[in-house]
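In case you want the letters, here they are:
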Amino acid sequence: MKLIVNELKKVINHRTIIEDVSFTVNHGEIVGVIGRNGVGKTTLFKAMTGIYLTDNGRVLIDNQDLTEDIALKQELFFVDPLNNFYIHYTPMEIAKMYAITYPKMDVDQFLTEITDHNLPLNQKVKYFSKGMQGLFNVLLALATQAQFVILDEPFDGLDVLVRENVKRLLINAVQSKEISLIISSHNLAELDTLVDRAIILKDTKVVGEYSLENLRETARKIQLVFKDGLPDEIKQAGTLVEARGRVYVMIFENYTRQLDEKIANLAPLLYEELPLSLEDLFRTQLVNENDYILEK
Ligand SMILES: Nc1ncnc2c1ncn2[C@@H]1O[C@H](COP(=O)(O)OP(=O)(O)OP(=O)(O)O)[C@@H](O)[C@H]1O
């Protein structure tokens, strides 16, 4: 199954929050949606899942428009964390409710999982701790057997052990059931080791889409020192992400052999490759050079 988001647009109070947002989620793929606070990630998820009516665009599962085939909704799971109705119910009650919308859900299996993770079956979810709620949401999402599971900040407020547990559950589910995940998170270090592809939102639009595997092959993060400062031709070939005195850290999204030779010919006093993370990518795309404090 493939999910296609095509030119999605949402205007709230005469303000365009997202527009022309298009991307595809393939079977068994984990896609990260990243962007600064307030850029519209949750709005995108609400628009994708029909919580919001959209002002343009379509969401298709296997070429079938979600608004035209209601049954496809059972292939999509999303809960708005800030407006989560189910917290007023117990896991037992929630299981029965969700089993109606998601007929593939195995209620007994779900309840066993809840108990196995030491969560109470008969306490309202609003009385769970934040970590327990986060874990519960992931268990519920996976139990629905939806092909496309959307998780908005699934690691928020979770301690390291719960976070590891949640991550393991997600990875196992993708590997064993070949479901697809769409995840937003401010925790880029967690996403880094989880996602196959990252979509970066900025100023209402998708400004970058990267396969992490391809990126690791083509991009480089390099620390450089030149005798007379950073040459313009090098500066223009990449993004300057840090400058301390004469030490410059550059990210080159497309590090070619020609560029490598060009740098070598300029005889840098220091050339050191640094590990490239999703956080670096985020900085490259979303931060202006002027945002950096240049230490002299
Ligand atoms: N129902 C609403 N009414 C008015 N404004 C809204 C509404 N929903 C979202 N917005 C505005 O849309 C913008 C995007 O909000 P959204 O929650 O989608 O951002 P986000 O990327 O998920 O943010 P964060 O990373 O902080 O969770 C914000 O400026 C927000 O104030």
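Throughout this description, residue numbers start from 1 for each chain and increase along the sequence as written. Under the rules for a predicted model, residues below a pLDDT of 70 receive no local features and side-chain atom pairs below 80 are neither given nor counted, while totals for whole chains, interfaces and linings still include all residues.

Going by the annotation in an unreviewed UniProt entry, the name recorded for the chain is ABC transporter ATP-binding protein YtrB, with Periweissella ghanensis given as the source organism.

Right, let's talk about the pairing of strand β7 (residues 148-152) for a bit. Looking along a regular strand, one sees the side chains alternate between the two faces of the sheet. Three exposure classes are used, based on other C-beta atoms lying within 10 Å of a residue's own C-beta, which is placed from the backbone: buried for 20 or more, exposed for 12 or fewer, and partly exposed in between. Only runs of H or I of at least four residues qualify as helices and only runs of E of at least two qualify as strands under DSSP, and these elements are numbered from the N terminus. Of all the 5 residues making up β7, 5 are buried; the element is thus mostly covered by neighbouring parts of the structure. Alternating residues of β7 divide into F148, I150 and D152 and V149 and L151, and every residue in both groups is buried. The rule for pairing is simple: two strands pair if DSSP sees at least two bridges between them. Note: strand β6 (residues 76-77) against β7, 2 bridges, orientation parallel. Within the sheet, the bridge partner assigned to L76 lies in β7 and is F148. Note: β7 against strand β8 (residues 180-184), 5 bridges, orientation parallel. The residue bridging V149 from the neighbouring strand is L181, located in β8.

Contact assignment follows one rule, namely that a residue is near a molecule or strand if its backbone-placed C-beta atom lies within 6 Å of it. All residues in the neighbourhood of the ligand are listed as I12, N13, I17, G35, N37, G38, V39, G40, K41, T42 and T43. Looking at which element gives the most residues to the shell around the ligand, the answer is helix α1 (residues 41-48), with 3 residues. Each residue receives one of three labels: charged for Asp, Glu, Lys and Arg, nonpolar for Ala, Val, Leu, Ile, Met, Phe, Trp, Tyr, Cys and Pro, and polar for the others, Gly being one of them. Tallied by class, the residues present in the shell around the ligand amount to 3 nonpolar, 7 polar and 1 charged.

The 6 strands lie next to each other as β6-β7-β8-β3-β9-β10, forming an open sheet whose pairing is mixed. Of all strands in the sheet, those with a lone pairing partner are β6 and β10 (205-211), marking the two edges. Bridge count for strand β9 (residues 197-202) against β10 is 6 bridges, and the pairing is antiparallel. Within the sheet, the bridge partner assigned to I200 lies in β10 and is G208. What counts as a contact here is a pair of residues whose C-beta atoms, placed from the backbone, lie within 7 Å. Comment: axis = line fitted to C-alpha atoms, over the contacting stretch for helices; angle = value between 0 and 180 degrees taken between N-to-C directions. α1 rests against β3 (30-34), β7, β8 and β9 of the sheet, and its axis sits at about 150° to β7.

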